[in-house]
Each structure stands twice: as structure tokens, then as C-alpha cells.
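If you want the building blocks of each chain, they are given just below.
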Amino acid sequence: MSTSKVHMFKDTQSFNDFIEENEFVVVNFYALWKIQSSHMNSKFSQLSEEHPEVKFVQVDIDEMGELSEDYGVSEIPTFKFLRNTSVVDGFSGAQSDTLTKKVEAFSEDAKAAKEPETAD
């Protein structure tokens, strides 16, 4: 039985602490009332299980509206890819193929960054 690796926070400080502690993070800004969010939340959860080298976070815009504004979220769902706390990629809309491709590429970057350098 698989378990989701998606993290959820109730306050901005906990979110910011988590972002600062993890190099590669994908954030899903969603809303419970938005039908497209439900489908994408399922895909997001599935991807979190398949790519453990990346951290996955869901942010409910109704609970953390200020954080959504800080990240310039104007459409739901919106996905932001953060490396070392900086947004390096992102997109809006219920595009599961786009999400999969971007997470796979981001995951490869995370794996490459974690490989030890070989001494010559």
C-alpha cells in the first residue's frame, strides 16, 4: 500500500521553514471548490510517491491566501518548482501531462545534484 508524500501546512512560517530545509520542492496551489484541483491533487500525490528525491507541498489558497499572493498565483491549480527557495519553473492549469514532464525533469536535476563528485 502506497502512502502520499505530500506535505501540507497551516501557516506560512511552517511552509517557509520547510522550503528553506529542502533544495527541490514542487508546490501545488489548489482550492477544494475547484473541480480541476481534485484531479490534479491525485496526480500530484502519485508523482510524490514516484519521485522521493523531490519534496511535494500542497497549499490550499483559501487557508493560505497571503502565501498564494506572495507567489503570484492567479489561476487554480498553479504549480511552482522551487530550488533553494527560488522559483525556477511553474505553470497554471489542470495539465497532468505537463505536470508529469516537469516533475520528471526536476527529479532528474535533483538526482544529479545529489550525486557525489568524484575525485580525480
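The structure this text deals with has already been given above.
In this report, the structure presented in the accompanying data block is examined. (Residues numbered from 1 in each chain as written. Predicted model: local features only at pLDDT ≥ 70, side-chain atom pairs only at ≥ 80, totals over all residues. Heavy atoms only, no water.)

### Some points on unusual backbone geometry
Omega for the peptide link from Ile76 to Pro77 comes to -5°, which places this bond in the cis form. Within the chain, Thr85 stands out as a residue other than glycine whose phi angle is a positive 75°. Tracing the sequence through the fold places Thr85 in the loop between strand S4 (78–83) and strand S5 (86–92). (Helix = DSSP H or I, 4+ residues; strand = E, 2+ residues; numbered from the N terminus.)

### Side note on the environment of Glu104
In this structure, Glu104 sits in helix H4 (residues 96–114). When the C-alpha positions of Glu104 and His51 are compared, they lie 7.8 Å apart, and in sequence the two are 53 residues distant.

### Re the pairing of S5
Looking at chain direction, S4 and S5 are connected through 6 bridges and run antiparallel. Residue pairing across strands places Phe79 opposite Phe91, the latter belonging to S5. Turn length for the S4-S5 hairpin, with the two strands adjacent in sequence and antiparallel, is 2 residues, and the turn residue Asn84 shows positive phi of about 55°. (Pairing = 2+ DSSP bridges.)

### Section: the sheet that holds strand S3 (residues 55–60)
Pairing in this open sheet of 5 strands is mixed, and the strands run S1-S3-S2-S4-S5 from one edge to the other. Edge positions in the open sheet fall to strand S1 (6–8) and S5, since each of these has one partner strand only. Looking at each pair of strands side by side, their axes are set apart by 25° on average, direction ignored. Where strand S2 (residues 24–30) and S4 come together, 6 bridges link them in antiparallel fashion. If you follow Val27 over to S4, its bridge partner there is Lys80. (Axes fitted to C-alpha atoms, helices over the stretch in contact; angles between N-to-C directions.)

### Concerning a negative patch on the surface
On the surface, a cluster of negative charge is made up of Asp11, Asp17, Glu20 and Glu21. Along the chain, the position of Glu20 falls in helix H1 (residues 12–21). Owing to a relative accessible area of 59%, Glu20 belongs among the exposed residues under this scheme. (Patch = residues over 30% accessible without salt bridge, like charges linked within 9 Å, V, L, I, M, F, W, Y side chains within 5 Å. Areas by Shrake-Rupley, 256 points an atom, 1.4 Å probe, with all protein chains shown as cover. Salt bridge = Lys/Arg side-chain N within 4 Å of Asp/Glu carboxyl O. Lys, Arg positive; Asp, Glu negative; His and termini not counted. Charge placed at Lys NZ, Arg CZ, Asp CG, Glu CD. Buried < 20%, exposed > 50% of the residue type's maximum accessible area, 1.4 Å probe, protein only.)

### Describing the environment of Ser92
As for its placement among the helices and strands, Ser92 is situated in strand S5. For Ser92, a relative accessible area of 26% translates into the label partly exposed. When sequence neighbours within four positions are dropped, the list of residues in contact with Ser92 reads Glu75, Pro77 and Thr78. At 2.8 Å, the side chain of Ser92 and the side chain of Thr78 are in polar contact. (Contact = heavy atoms within 4.5 Å. Polar contact = N/O pair within 3.5 Å; in protein donor to acceptor, adjacent residues only side chain to side chain.)

### Details of the side chain of Asp60
Along the polypeptide, Asp60 turns up in strand S3. As a buried residue without a salt bridge, Asp60 has its nearest oppositely charged side chain in Lys10, at a separation of 6.6 Å. Reaching out from Asp60, the side chain makes a polar contact with the backbone nitrogen of Asp62 at a distance of 2.9 Å. Residue contacts for Asp60: discarding those within four places in its chain leaves Tyr30, Ala31 and Leu32.

### A look at helix H2 (residues 35–50)
Under the 1.5 Å per step criterion, the end-to-end length of H2 is 24 Å for 16 residues, consistent within 8% with the ideal 22 Å. Turning to H2, its buried residues number three or more, namely Ser37, Met40, Asn41, Lys43, Phe44, Ser45, Leu47 and Ser48. Considering only its buried residues, H2 is in contact with S1, S2, S3, S4 and H4. (Expected span 1.5 Å × (residues − 1).)

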